[in-house]
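# Inside the fold
Spelled out, the chains give:
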Amino acid sequence: MDTHSIGILKLFLFKMVVLVLCLTSTASAANLPPSTTSLEVASDIRVQCNNDEIVVSITTKSGRFNGMVYPRGLSKNSTCMGEWIHKKSPIEYTLPLRGCNTMSTDLDDGGIEYYNTIVVQPHLKLVTNQGRGFHIRCRYNTRNNTVTNDSLKVDLQGADRLTALAPMPGCSMRIFSGDPTKKEVAENVKIGDPLTLVVTLDEQDTYGIHVTDCLVRDGLGWGEQKLINDDGCPTDPEIMGMFRYSEDKTKAYVEFQAHKFPYTASVYYQCNVKLCLKADKSCDVEPTCWNSNGNRIRRQARSQTTEGEGTPATINVYSGLYVNEANDSAKTEEDSVFSEKTSDSICISQKSFAIGICIAGLILMLCVVAAILCLLAKRRKKTTSHSSGSIYSGPYTNTAYSHTS
């Protein structure tokens with residue numbers, strides 16, 4: 001082995017030794033005890049139920065909070081996430097009733113319950129095991145429907161005055177899975193599942209309904225899609241068709257397939273329900289959306305003669321549900337909030353990773369040294385073979401170069 005090759009081999013071995021020492025120090029550092037900095041873990045949660053929102057008050061043991069609060073599943077790029085930097089507790093986090101994954105369910109006593117699951121994470125960027133999940137619920141005695149006009153202006157010549165002064169009936173919207181007669185309320189479904197949206201007016205003999213202005217929202221304020229226009233006609237029959245009405249005009253329903261926005265699982269539906277009087281036959285008028293050729297009829301300007309008839313009362317109704325991707329399961333959505341910390345990757349400790357790197361480095365170093373030694377041995381053997389031979393040696397003698405005395 002010549003001097004140059006030996007120098008290269010020594011330099012390589014020196015670098016490998018330095019690398020092994022660095023990796024060993026990394027493994028030792030990974031085995032150090034964790035930081036003693038105390039995290040602001042939530043110790044007390046209080047809920048205040050308001051008309052349009054839920055206010056959650058969070059108190060920590062240290063008296064300060066540095067972290068984030070968000071609904072389960074909305075921790076990334078969401079307007080529903082709240083952040084606090086070293087704020088004095090208690091802090092207040094607000095959840096809208098019709099957004100940020102807040103859903104509702106009807107109660108047997110006629111009330112309604114809104115619910116959501118929030119995650120209190122005492123870190124501004126990382127999801128740690130100090131985070132806690134809380135299931136938030138608010139119960140209301142009556143459904144919070146919005147009435148945009150609380151009086152009906154009608155011609156009283158052919159109707160009883162007491163009929164026109166009848167109290168406003170309640171109205172509700174529910175979304176059922178498949179056949180609505182089975183009363184299976186849809187909460188977690190998959191894209192393409194059959195659903196039925198049902199709008200129901202309280203039983204009485206005075207009013208009927210016309211469903212108009214239906215749309216679907218994402219609950220984040222990012223996107224919405226109109227489904228039914230203000231004439232009661234569908235904007236895209238492939239997404240949602242026309243409503244069908246019961247004989248007494250107090251119930252309307254439409255069948256459709258579950259759909260969602262690509263970035264969230266929550267969808268919220270809203271419709272305007274216009275009340276009509278059964279006495280003047282206005283409830284029997286059905287919208288005409290297509291002509292005899294099957295083409296959509298363009299909306300025409302309303303006649304000025306209808307201005308004197310007044311505007312019927314309109315009630316806004318809401319409902320929502322979770323729609324998962326086709327390859328997701330409903331069970332995944334029902335897991336604990338701590339499923340936020342799980343992932344599909346295989347996780348190992350820093351110490352194990354560093355030791356593995358050291359072993360791999362040693363094996364690589366030995367392989368390289370063995371390869372260099374083999375190469376040098378071959379070169380030495382070849383050089384030795386060439387120096388001991390002669391181009392003139394052999395069993396045959398060239399007599400032309402022989403010399404005799």
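Residues numbered from 1 in each chain as written. Predicted model: local features only at pLDDT ≥ 70, side-chain atom pairs only at ≥ 80, totals over all residues. Heavy atoms only, no water.

## Some remarks on the overall build of the chain
A tally of regular secondary structure across the chain gives four helices and 18 strands. When burial is assessed residue by residue, the chain has 35% of its 405 residues classed as buried. Counted over contacts in the chain with a minimum sequence separation of 6, partners at least 24 positions apart contribute 68%. When the accessible surface of the chain is summed, it comes to about 25,900 Å², and 53% of that surface belongs to carbon and sulfur atoms. (Helix = DSSP H or I, 4+ residues; strand = E, 2+ residues; numbered from the N terminus. Buried < 20%, exposed > 50% of the residue type's maximum accessible area, 1.4 Å probe, protein only. Contact = heavy atoms within 4.5 Å. Areas by Shrake-Rupley, 256 points an atom, 1.4 Å probe, with all protein chains shown as cover.)

## Concerning the nonpolar core
For soluble globular proteins, the rule of thumb is that nonpolar side chains tend to be buried together. Residues Leu-197, Val-199, Phe-243, Tyr-269 and Leu-321 are the most contacted members of the largest nonpolar core, which totals 34 residues. The set of elements that each furnish at least two residues to this core consists of strand E10 (171–177), strand E12 (194–201), strand E13 (207–217), strand E14 (224–228), strand E16 (251–257), strand E17 (266–277) and strand E18 (314–324). Considering each element in turn, this core owes the most residues, six residues, to E17. The next biggest cluster of nonpolar side chains, apart from the first, holds 22 residues, and it includes Val-69, Trp-84, Tyr-114 and Cys-138. (Core = buried A, V, L, I, M, F, W, Y, C linked by side-chain atoms within 4.5 Å.)

## Let's talk about the pattern of salt bridges
Summed over the entire model, instances satisfying the criterion amount to eight salt bridges. For Arg-217, the salt bridge goes to Glu-224, with nearest N and O atoms at 2.9 Å. A salt bridge links Arg-244 to Glu-255; its shortest N-O distance comes to 3.7 Å. Linking Arg-244 in strand E15 (residues 244–245) with Glu-255 in strand E16, this pair joins segments that are eleven residues apart in sequence. Residue classification places Arg-244 among the partly exposed positions, given a relative accessible area of 44%. (Salt bridge = Lys/Arg side-chain N within 4 Å of Asp/Glu carboxyl O.)

## What about the sheet that holds E10?
Through backbone hydrogen bonds, the strands of a sheet pair up, either in parallel or in antiparallel fashion. Taken together, four strands build an open sheet; the order of strands is E10-E12-E16-E15 and the sheet is antiparallel. Looking at which strands have only one partner, the edges of the open sheet turn out to be E10 and E15. Judged from the seven bridges that link them, E12 and E16 form a sheet pairing that is antiparallel. Bridging from a neighbouring strand, Thr-196 pairs with Glu-255 of E16. (Pairing = 2+ DSSP bridges.)

## Description of the confidence of the model for the chain
Predicted confidence across the chain gives a mean pLDDT of 75, with 66% of residues reaching 70 or more. For residues 300–309, every residue scores under 50 in pLDDT, and the model assigns this stretch four contacts once sequence neighbours within four places are set aside. In this model residues 387–405 is a low-confidence stretch, pLDDT under 50, and it forms zero contacts with partners more than four residues away in sequence or in other chains. (pLDDT = per-residue confidence, 0-100.)

## Details of the side chain of Glu-113
Structurally, Glu-113 is set in strand E7 (residues 112–121). According to the relative accessible area criterion, Glu-113 is buried, its value standing at 6%. For Glu-113, the side chain forms a polar contact with the side chain of Arg-137, separated by 2.4 Å. Of the polar contacts made by the side chain of Glu-113, one reaches the side chain of Arg-139; its length is 2.6 Å. (Polar contact = N/O pair within 3.5 Å; in protein donor to acceptor, adjacent residues only side chain to side chain.)

## Description of the environment of Ile-209
The topology assignment puts Ile-209 in strand E13. Sequence separation between Ile-209 and Lys-278 is 69 residues; the distance between their C-alpha atoms is 9.5 Å. Dropping the residues within four chain positions of it, Ile-209 is found in contact with Val-199, Leu-201, Tyr-245, Lys-249, Thr-250, Lys-251, Ala-252, Val-273, Lys-274, Leu-275 and Cys-276.

## As for the environment of Leu-220
Its place among the elements puts Leu-220 in the loop between E13 and E14. Classification of Leu-220 as buried rests on a relative accessible area of 8%. As a C-alpha pair, Leu-220 and Thr-79 span 141 residues in sequence and 6.5 Å in three-dimensional space. Apart from residues no more than four positions distant in its own chain, Leu-220 is found in contact with Leu-74, Ser-78, Thr-79, Cys-80, Cys-100, Tyr-263 and Thr-264.

## Let's talk about the pairing of E12
With six of eight residues buried, E12 lies mostly within the body of the structure. Sheet topology note: the E10/E12 ladder contains seven bridges and is antiparallel. Each residue of the ladder has a partner; that of Ile-175, found in E12, is Leu-197.

## Describing the state of the cysteines
A complete count under the given rule lists five disulfides for this structure. Two residues, Cys-233 and Cys-289, share a disulfide whose sulfurs are 1.9 Å apart. Measuring the twist about the S-S bond at about -90°, one finds the Cys-233-Cys-289 disulfide to be left-handed. Of this pair, Cys-233 sits in the loop between E14 and E15 while Cys-289 sits in the loop between E17 and E18; the two residues are 56 residues apart in sequence, bridging distant segments of the chain. The class of Cys-289 is buried, set by a relative accessible area of 4%. Within the chain, bonded cysteines paired by disulfides and numbered along the sequence follow the pattern 1-4, 2-3, 5-7, 6-10, 8-9. With no disulfide partner, Cys-171 has as its closest neighbouring cysteine sulfur the one in Cys-271, 9.5 Å distant. (Disulfide = S-S within 2.5 Å.)

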